[in-house]
Amino acid sequence: MRHTTIVRQALCTGLLALTASVAGRAATPGPLPPATDRQLAREIFKELIEINTTHAHGSTAAAVAIRNRLLAAGFPATDVILVAPPEHPAKGNVVVRLHGKERGQPVLFLGHLDVVEARPEDWTFDPFKLTQKGGWFYGRGAIDMKDGDAAMVESLIRLRREGFQPERDLIVAFTADEEAGGDANGPAFLLKDHRDLVNASLVINLDGGGGAYRTGERAYMEIGTSEKTYLTYTAQTTSPGGHGSLPGPDNAIYRLADALGRLEKFAFPVMLTPTTRASFAARAELPHGPNSADMKAVARTPPDLAAAGRLSRNVYFNAQLHTTCVATLITGGHAENALPQRARATIQCRMLPGDSEEHVRSALVRVLDDPNISLTLDAPPIVSPESAPTTAIMTRAARVVHSMWPGVPLVPTMATGFSDDRQTRNAGIPSYDLSGIWIDADENRAHGRDERVGVREFDESVEYTYRLMKVMSEAD
Ligand SMILES: [Zn+2]
């Protein structure tokens, strides 16, 4: 989902937005892969972009294309497994294994193959053709995330050609249905029905994280270590109803509206996690960072609540510091001339790692403060525990990042949205987002019109992904 771009937006000021069109191009270039690998990565990227993998089409064709590439490169068929849920044959996944020396549990790299719908009439270019123009590659999935998929396929081929044997098995799963609206999420299916194929002690996902340019410089690199848990409630109330000419004291719409008014004024308590604490501490050190003093103060134990209050005026920082619940849908009544018999609201919550559904529910019941309003959870949450930014993982990530782009600060981040990490974290596997793509701080075209990735940035990410696979498959 490339959720971390939200972070960049929040940090961006109006001034930065004005200069962003030239941003990045001035930064010192990083190393590139050998010319033949660069070319091959671009060919794979083109092939994947031009296979439509929206939910209506599914991911199997793309999975087959990847399998064919790997088989042609000499991977044995027993190590390139194509699997789809029997009831969803179009929602295929392909899982590749490069055998290691069994020094530790495998590492699993993840890349989703599906893309968000794109209507050609909304785009300047055909979204399902790779177009190169003005230093950019355009196409649906250019940044989310066929760029990462292509980089992983090419790196696997390069590693095999070079005879590289990792210390522990290196598994790469290219999967279906990460984006909202899918019905056959690949990682969930693989973890449930093919755990042996994907069992690992570490997940590296290229669907988040990545570098942020600010005013033409490489400002920082994000490493996604956690995300919030998605919870949706329905609040409902009823009243006797009756003729619209005879209103009385019991009215479902007013009762619900009053309760939602109380919710609007409520804030969950400030809560820091190891990730958000480290994230604020790291952001406070960035040059020209606004709110540096407040970020330092909030990163202390215990956090400075006055500083937290000031930071919370920014919607992004507010979401970092609190579990949030907000009304997103409302319905009520049944006729213009009748008193309502029913009113209903959807309340969307995003829960911090470490918070609990019971706590969120009891807070909502207390705040809505009306025994005649029922509260039901729409679907069981997929709890997403934090993968702590341990010294071990941060050190490894820094080795790879700094071999490419020396001196770049690494910032652990908590996404406010969600990705397939919730599946693997919920299955007990620490999972980290480590995309190698750099984009302007205010650029967010994932899911949008004219989605694009810089040509130079794509090429560098191919080299980065190759190095990342080598380092992350070292023994613990
Ligand atoms: Zn994505």
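Residues numbered from 1 in each chain as written. Predicted model: local features only at pLDDT ≥ 70, side-chain atom pairs only at ≥ 80, totals over all residues.

(A) Layout of the overall build of the protein chain. Across its full length, the protein chain carries 16 helices and 19 strands. Relative to the compact-globule value of 23 Å for 476 residues, the protein chain shows a C-alpha radius of gyration of 24 Å, a close match. Viewed in the frame of its principal axes, the protein chain has a C-alpha envelope of about 80 × 55 × 45 Å. In the protein chain, which comprises 476 residues, the share counted as buried stands at 49%. Restricting the contact set of the protein chain to residue pairs at least 6 apart, pairs at least 24 apart contribute 80%. (Helix = DSSP H or I, 4+ residues; strand = E, 2+ residues; numbered from the N terminus. Rg over C-alpha atoms; globule rule 2.2 N^0.38 Å. Buried ≥ 20, exposed ≤ 12 C-beta atoms within 10 Å, placed from the backbone. Contact = placed C-beta atoms within 7 Å.)

(B) Region of the structure containing the domain arrangement of the protein chain. One can read the domain layout of the protein chain as domain 1 (5–226 + 384–472) and domain 2 (229–377). Placing a centre on the C-alpha atoms of domain 1 and another on those of domain 2 gives a separation of 33 Å. Taken residue by residue, the interface counts 19 residues in domain 1 and 19 residues in domain 2. Secondary structure elements with two or more residues in the side of domain 1 that touches domain 2: α1 (5–11), β9 (217–227) and β16 (410–415). (Domains from an automatic or database assignment.)

(C) Geometry of helix α10 (residues 292–299). Within the sequence span of α10, burial applies to Asp294, Met295, Val298 and Ala299. For α10, the angular spread of buried residues about the axis comes to 130 degrees, placing them on one side. Turning to α10, the residues buried within the fold contact α9 (274–284) and α11 (305–311). (Arc of directions from axis to C-beta.)

(D) Structural context of the sheet that holds strand β14 (residues 342–351). The strand order across the open sheet formed by four strands is β12-β14-β10-β15, and the pairing between neighbours is antiparallel. Each edge of the open sheet is held by one strand with a lone partner, namely β12 (324–332) and β15 (374–377). If you compare each strand with its neighbour and ignore which way they point, the axes differ by 25 degrees on average. Here strand β10 (residues 229–238) runs beside β15; their pairing, made up of four bridges, is antiparallel. In the sheet register, Tyr233 faces β15, and the bridge partner there is Leu377. The strands that helix α13 (residues 357–368) touches are β10, β12, β14 and β15; relative to β10, the one it contacts most, it runs at about 35 degrees. (Pairing = 2+ DSSP bridges. Axes fitted to C-alpha atoms, helices over the stretch in contact; angles between N-to-C directions.)

(E) Examining the sheet that holds strand β4 (residues 131–133) more closely. As summarised here, the arrangement of the three strands in space is β4-β5-β19, forming an open sheet in which the pairing is antiparallel. Where the open sheet ends on each side, the last strands, each with one partner, are β4 and β19 (452–454). Going from strand to strand, the sheet's axes swing by 25 degrees on average, the running direction of each strand aside. With three bridges joining them, strand β5 (residues 136–138) and β19 adopt antiparallel strand pairing. Note on β19: the bridge partner recorded for Trp136 is Gly454. With respect to the sheet, helix α16 (residues 455–472) is in contact with β4, β5 and β19, its orientation differing from that of β19 by roughly 75 degrees.

(F) Region of the structure containing the packing of helix α5 (residues 146–161) against α16. Between α5 and α16, the least distance of the axes is 8 Å, while the angle of their chain directions is 55 degrees. On the basis of the axis angle, α5 is oblique to α16. The chirality of how α5 crosses α16 is right-handed. Mapping the contact onto sequence places Asp147, Ala151, Met152, Glu154, Ser155, Arg158 and Leu159 in α5 and Phe458, Ser461, Val462, Thr465, Tyr466 and Met469 in α16. Of the residues assigned to the contact of α5 with α16, the class counts are seven nonpolar, three polar and three charged. (Parallel < 35°, antiparallel > 145°, perpendicular 65-115°, else oblique. Left-handed = near helix turned anticlockwise from the far one by under 90°. Nonpolar A, V, L, I, M, F, W, Y, C, P; charged D, E, K, R; others polar.)

(G) Structural view of the nonpolar core. With 84 residues, the main nonpolar core has Leu108, Ile171, Val172, Ala173 and Ile204 as its most contacted residues. Ranked by residues supplied to this core, first place goes to α16 with seven residues. When near neighbours in sequence (up to four residues on either side) are disregarded, Ile204 contacts Val107, Phe109, Tyr432, Leu434, Leu468 and Met472. In terms of nonpolar packing, the next biggest core, distinct from the first, is built from 17 residues, Tyr233, Leu352, Val360 and Leu364 among them. (Core = buried A, V, L, I, M, F, W, Y, C linked by C-beta atoms within 7 Å.)

(H) Up close: the packing of α9 against α10. The geometry of α9 relative to α10 is characterised by a closest axis approach of 8 Å and an angle of 150 degrees between their N-to-C directions. Taken together, α9 and α10 sit at an angle that is classed as roughly antiparallel. Pair α9 / α10 crosses with left-handed handedness. Only Ser292, Met295, Lys296, Val298 and Ala299 of α10 make contact with α9, whose side of the interface consists of Arg277, Phe280, Ala281, Arg283 and Ala284. A breakdown of the residues in the contact of α9 with α10 according to their chemical character gives six nonpolar, one polar and three charged.

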